[in-house]
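What the coordinates show
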Amino acid sequence: MSLFLVRHGETAFNRDGQGLGREDIRLTALGEAQAAAVAGRLAGRTIHRVVTSPLSRAAQVASAIAREHGLEPEPLDALLELDVGETEGLDFAEMRKRFPEFLAAWAGPDGWRTRMPGGESIEDLAARLQPVVDLLLAAEDGDTVVVSHNFVLRTLLCRLLGLEISAWRSFQVDLASVTCLNVRNGRSGVAFVNDRCHLANLNLA
């Protein structure tokens, strides 16, 4: 089975460099074009299931993909983005001004255990994702698409590949990117990571 991990397309928060967690905002016009490009990229695959974060920016992409295969996307609350708490909507300069101690800890070797001010840690997120990991590794037939968010997908990759959660920064997962893992007998291997070739003809920054 092939497992495709897809990050949502551009939102105004991504475009403007603002922190984005649980705020439910829709894609920009460019984000919608990116969603269509991802759907086109996967149109030639035999997709049997599309699971998604319930947040609009992910659900829009999941719907575009599912439509190509006559499917309905399945929202899973576990795939919601990391709760970034009080940093929601802040740019980095404001975050640095308001939460310098948090940022110092976040950047450190145990940053994955550091909770966002009023929110979650990567460790919390990994625990929340474990049932999804079990579900994906147990699947035996038919390709599956997972549409979610930056922190979620990077943490999910660690879990699926049997890596320590502290390795989450080792992965880059850009907007509207596709990552593919091959899953067999409860184990997964990397086919490709953070592929964006389907976006080549779009007007990207």
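Residues numbered from 1 in each chain as written. Predicted model: local features only at pLDDT ≥ 70, side-chain atom pairs only at ≥ 80, totals over all residues. Heavy atoms only, no water.

Some words on the nonpolar core
Formed by 38 residues in total, the largest nonpolar core has its most connected members in Leu 3, Ile 122, Phe 151, Leu 156 and Leu 160. At the level of elements, β1 (2-7), α5 (100-106), α6 (122-138), α7 (150-161) and β5 (178-184) are the ones that each hand at least two residues to this core. For this core, the element with the highest residue contribution is α6, accounting for 8 residues. Excluding its chain neighbours within four sequence positions, the residues that come into contact with Leu 3 are Leu 136, Thr 144, Val 146, Leu 160, Thr 179, Cys 180, Leu 181 and Val 183. Among the nonpolar cores identified, the runner-up in size contains 22 residues, and Phe 4, Val 38, Leu 42 and Ile 47 belong to it. (Core = buried A, V, L, I, M, F, W, Y, C linked by side-chain atoms within 4.5 Å. Buried < 20%, exposed > 50% of the residue type's maximum accessible area, 1.4 Å probe, protein only. Helix = DSSP H or I, 4+ residues; strand = E, 2+ residues; numbered from the N terminus. Contact = heavy atoms within 4.5 Å.)

Details of the pattern of salt bridges
One pass over the structure, following the stated rule, counts 9 salt bridges. A salt bridge links Asp 124 to Arg 115, with the nearest nitrogen and oxygen atoms 2.7 Å apart. For Arg 115, a relative accessible area of 51% puts it in the exposed group. Among the ionic pairs, Arg 128 bridges to Glu 120, the shortest N-O distance being 2.8 Å. On the basis of relative accessible area, Arg 128 is assigned to the buried category, the value being 19%. (Salt bridge = Lys/Arg side-chain N within 4 Å of Asp/Glu carboxyl O.)

Remarks on α7
Taking 1.5 Å per residue, 12 residues should reach 16 Å; α7 reaches 17 Å between its end C-alpha atoms and fits that length. Counting buried positions along α7 gives 10 out of 12 residues, so the element sits mostly inside the fold. Among all positions in α7, only Asn 150, Phe 151, Val 152, Leu 153, Arg 154, Thr 155, Leu 156, Leu 157, Cys 158 and Leu 160 are buried. Buried residues along α7 sit in contact with β1, α5, α6, β4 (143-148), β5 and β6 (187-195). (Expected span 1.5 Å × (residues − 1).)

Regarding helix α2 (residues 29-42)
The terminal C-alpha atoms of α2, which comprises 14 residues, lie 20 Å apart, in line with the 20 Å expected from a rise of 1.5 Å per residue. Buried residues of α2: Leu 30, Gly 31, Gln 34, Ala 35, Ala 37, Val 38, Ala 39 and Leu 42, and no others. The inward-facing, buried residues of α2 abut β1, β2 (47-52), α3 (56-67), β4 and β5.

Some points on the pairing of β2
Examined bridge by bridge, β2 and β4 share 5 bridges and lie parallel to one another. From the neighbouring strand, Val 50 faces β4, where its bridge partner is Val 145. The sheet contact formed by β2 and strand β3 (residues 74-75) spans 2 bridges and is parallel. Opposite Val 51, over in β3, you have Glu 74 as the bridge partner. A crossover links β2 with its parallel partner β3, the connecting element being α3, and its sense is right-handed. (Pairing = 2+ DSSP bridges. Right-handed = clockwise from strand over helix to strand, strands pointing away.)

Here we look at the packing of α6 against α7
In the contact formed by α6 and α7, the axes pass within 9 Å of each other and the chain directions differ by 60°. Comparing the axis directions of α6 and α7 gives the class oblique. As α6 runs across α7, the sense of the crossing is right-handed. On the side of α6, the interface is formed by Ile 122, Leu 125, Ala 126, Leu 129, Gln 130, Val 133, Leu 136 and Leu 137, while α7 contributes Phe 151, Val 152, Thr 155, Leu 156, Arg 159 and Leu 160. (Axes fitted to C-alpha atoms, helices over the stretch in contact; angles between N-to-C directions. Parallel < 35°, antiparallel > 145°, perpendicular 65-115°, else oblique. Left-handed = near helix turned anticlockwise from the far one by under 90°.)

Description of the side chain of Asn 150
In this fold, Asn 150 is placed in helix α7. Classification of Asn 150 as buried rests on a relative accessible area of 15%.

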